[in-house]
Amino acid sequence: MSAQPVVVLVECEADGITLVSREAVTFARGLAGRLDDPPVHAVAVGPLPADEERVRDQLAELGVAALHHARDDRLSAYAAAAWAAAVVEVARGQDATALLAAGTPRGNEILAHVAIRLDTLMAANVVGIDETERQEVSGALTVTRQVLGGSALEEMRVDVPLAVLSVAGHALDPEPAPQRGAADVLAYAPSLDSDDLRAQVVRTEASGDADGADALTGARVVVGAGRGAGGPDGFADLLELVDLLGGALGVSRVVTSLGWRPHHEQVGQTGSRISPDLYVACGISGAIQHWAGCQGAKTILSINTDADAPMMTRSNYAVVGDLHEIVPAVNAELRRRLG
Ligand SMILES: Cc1cc2nc3c(=O)[nH]c(=O)nc-3n(C[C@H](O)[C@H](O)[C@H](O)COP(=O)(O)OP(=O)(O)OC[C@H]3O[C@@H](n4cnc5c(N)ncnc54)[C@H](O)[C@@H]3O)c2cc1C
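The structure displayed is predicted, hence computed values, not measured ones.

**Observations regarding the nonpolar core**
If you look at the biggest cluster of nonpolar residues, it comprises 35 residues, and the most contacted ones within it are Val 10, Leu 59 and Leu 100. If you list the elements that add at least two residues to this core, you get strand 1 (6-9), helix 1 (19-34), strand 4 (40-45), helix 2 (52-61), strand 6 (98-102), strand 7 (122-130), strand 8 (140-147) and strand 10 (163-167). Here this core gets seven residues from one element, more than from any other, and that element is helix 1. Ignoring any residue separated from it by four or fewer positions in sequence, one finds Val 10 in contact with Ile 17, Ser 21, Val 25, Ala 42, Val 43, Ala 44, Leu 59 and Leu 67.

So this is what it looks like as structure tokens:
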């Protein structure tokens, strides 16, 4: 069994490890399983959430053997170069066999710095790995990754001794490991150069939309609404459907551009990526930029007056008709069934 771990940079939020970081750890475990089963280590930079035990527990459940925690007051505010320096120290110290992070803006930014410092290459937004090849050709692997805002996939050959990969969000679900890891916390003080701190966040102002966008990306049911809603007053029945299904409202860019609904509700390339169990797309044509955000839905039901709209032809279920007639009828039936 190799001691060279697969190392995953994990990002934290108030109550633990972020969902996409837990996905990345799960992905790393899959990668390790197809190599010679090296341990999976995590690295976290800056302050951990108040409930450190919860962080440990989450990582242990995911099979992580050790959490390297970079502690230094100068890392409290985000600085890509400094955070990368902290990750590189773990990668070098542990002689990592691969380095991963969630494909968030920060994850991608840090890994790009890391790849340059380690004189290697990075593949961003990976969703899969062909591991048969790695066993035959030392150091080379073929990855599948999302491009064009997630609307296309490409295969990429990465022929480097140390692969640096970011994992596209919601490419897989976080899965508990068959065997819990120890998740021992190994605190360290990385050596930081003053140059690493030349670009550092000094102030963050929440837009007020963050909670809404989180509710949308985490929803198990999303009711989508497009131009077919007809105007800012055309959402009452759709919002009732959201309530009845216990979901969230997601809209197309036309809807936000026209000011009918706020931007944090937008789904798509320039909005949120959603992966609900059910997406009910009402009056949405299904442009590629919208599809980029909703293609992760497990089941899609579309309601549209145009049977040939791309959203309809790509859906699992399609209802041809006026959403202003169909949605109230569905609501009435749901109300009846729910008592
Ligand atoms: C760089 C870039 C980024 C973009 N990012 C995004 C993004 O993140 N998200 C996004 O959504 N778009 C995005 N777009 C815009 C995208 O190209 C489309 O213009 C947009 O998605 C269309 O919105 P829509 O489906 O609501 O409107 P339309 O394309 O106008 O479609 C309206 C649909 O409603 C149907 N309809 C009309 N009336 C009714 C009715 N009464 N009942 C039922 N159906 C009805 C019509 O048949 C039609 O299919 C982006 C574009 C660019 C260039």
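Next comes the rest of the description.
**Considering the site of the ligand**
Near the ligand there are 26 residues, and of these Arg 227, Ser 252, Thr 270, Ser 285 and Asn 304 occur at the shortest range. The side chain of Arg 227 places a nitrogen or oxygen atom 2.6 Å from an oxygen atom of the ligand. Measuring from a nitrogen atom of the ligand, one finds a side-chain N or O atom of Thr 270 at 2.7 Å. Taken by itself the ligand offers 990 Å² of open surface, and the protein chains cover 74% of this. Looking at the shell around the ligand residue by residue, the classes come out as six nonpolar, 16 polar and four charged.

**A short note on the state of the cysteines**
All chains considered together, the criterion is met by zero disulfides. Here Cys 294 stays unpaired: no disulfide links it, and the sulfur of Cys 282, its closest cysteine neighbor, is 12 Å away.

**A few points about the packing of aromatic side chains**
By the definition in use, this model includes two aromatic pairs. Ring geometry for Tyr 78 and Trp 83: centres 5.1 Å apart, planes at 80°, overall edge-to-face. Trp 83 matches Tyr 78 in its accessibility class, with the two residues each being buried. We note Arg 106 situated over the ring of Tyr 78; from NZ or CZ to the ring centre the distance is 4.0 Å. In this structure, Arg 261 packs its charged tip against the face of Phe 235, placed 5.6 Å from the ring centre.

**As for the sheet that holds strand 13 (residues 248-251)**
Taken together, the five strands give an open sheet; going across it, the order is 13-12-14-15-16, and neighbouring strands pair in parallel fashion. Looking along the sheet, the strands with just one partner apiece sit at the ends: strand 13 and strand 16 (317-320). When strand polarity is set aside, the average angle formed by the axes of neighbouring strands in this sheet is 20°. Alignment of strand 15 (residues 299-304) against strand 16, held across four bridges, turns out to be parallel.

**Brief notes about the pairing of strand 5 (residues 66-70)**
Taking burial as the measure, the five residues of strand 5 include five buried ones, the bulk of the element. Here strand 5 shows no split at all, with Ala 66, His 68 and Ala 70 on one side and Leu 67 and His 69 on the other all buried. Bridge count for strand 4 against strand 5 is five bridges, and the pairing is parallel. Counterpart to Val 43 in the pairing with strand 5 is His 68. Where strand 5 and strand 11 (residues 184-188) come together, five bridges link them in parallel fashion. Bridge pairing in strand 11 places Ala 70 opposite Tyr 188.

**Quick word on the pattern of salt bridges**
Pairing between side chains of opposite charge can happen when the charged atoms of each approach one another. Applying the stated criterion to the full structure yields 12 salt bridges. Of the charged contacts in the structure, one is a salt bridge between Arg 180 and Asp 57, with a shortest N-O distance of 2.8 Å. Of this pair, Arg 180 sits in the loop between strand 10 and strand 11 while Asp 57 sits in helix 2, and the two are 123 residues apart along the sequence. Note on Arg 180: relative accessible area 54%, which makes it exposed. Look at Asp 57 and you get partly exposed, because its relative accessible area is 40%. The closest approach of N and O atoms between Lys 298 and Asp 277, which form a salt bridge, is 3.6 Å. Here Lys 298 is found in the loop between helix 9 (288-294) and strand 15, whereas its partner Asp 277 is found in the loop between helix 8 (253-257) and strand 14 (278-282), with 21 residues between them in sequence. Overall, Asp 277 belongs to the partly exposed group, its relative accessible area being 35%.

About the criteria used
- Residues numbered from 1 in each chain as written.
- Predicted model: local features only at pLDDT ≥ 70, side-chain atom pairs only at ≥ 80, totals over all residues.
- Heavy atoms only, no water.
- Core = buried A, V, L, I, M, F, W, Y, C linked by side-chain atoms within 4.5 Å.
- Buried < 20%, exposed > 50% of the residue type's maximum accessible area, 1.4 Å probe, protein only.
- Helix = DSSP H or I, 4+ residues; strand = E, 2+ residues; numbered from the N terminus.
- Contact = heavy atoms within 4.5 Å.
- Near = heavy atom within 4 Å.
- Polar contact = N/O pair within 3.5 Å; in protein donor to acceptor, adjacent residues only side chain to side chain.
- Areas by Shrake-Rupley, 256 points an atom, 1.4 Å probe, with all protein chains shown as cover.
- Nonpolar A, V, L, I, M, F, W, Y, C, P; charged D, E, K, R; others polar.
- Disulfide = S-S within 2.5 Å.
- Phe/Tyr/Trp six-rings, centres within 6.5 Å; stacked < 30°, edge-to-face > 60°.
- Lys NZ or Arg CZ within 6 Å of the ring centre and 35° of its normal.
- Pairing = 2+ DSSP bridges.
- Axes fitted to C-alpha atoms, helices over the stretch in contact; angles between N-to-C directions.
- Salt bridge = Lys/Arg side-chain N within 4 Å of Asp/Glu carboxyl O.

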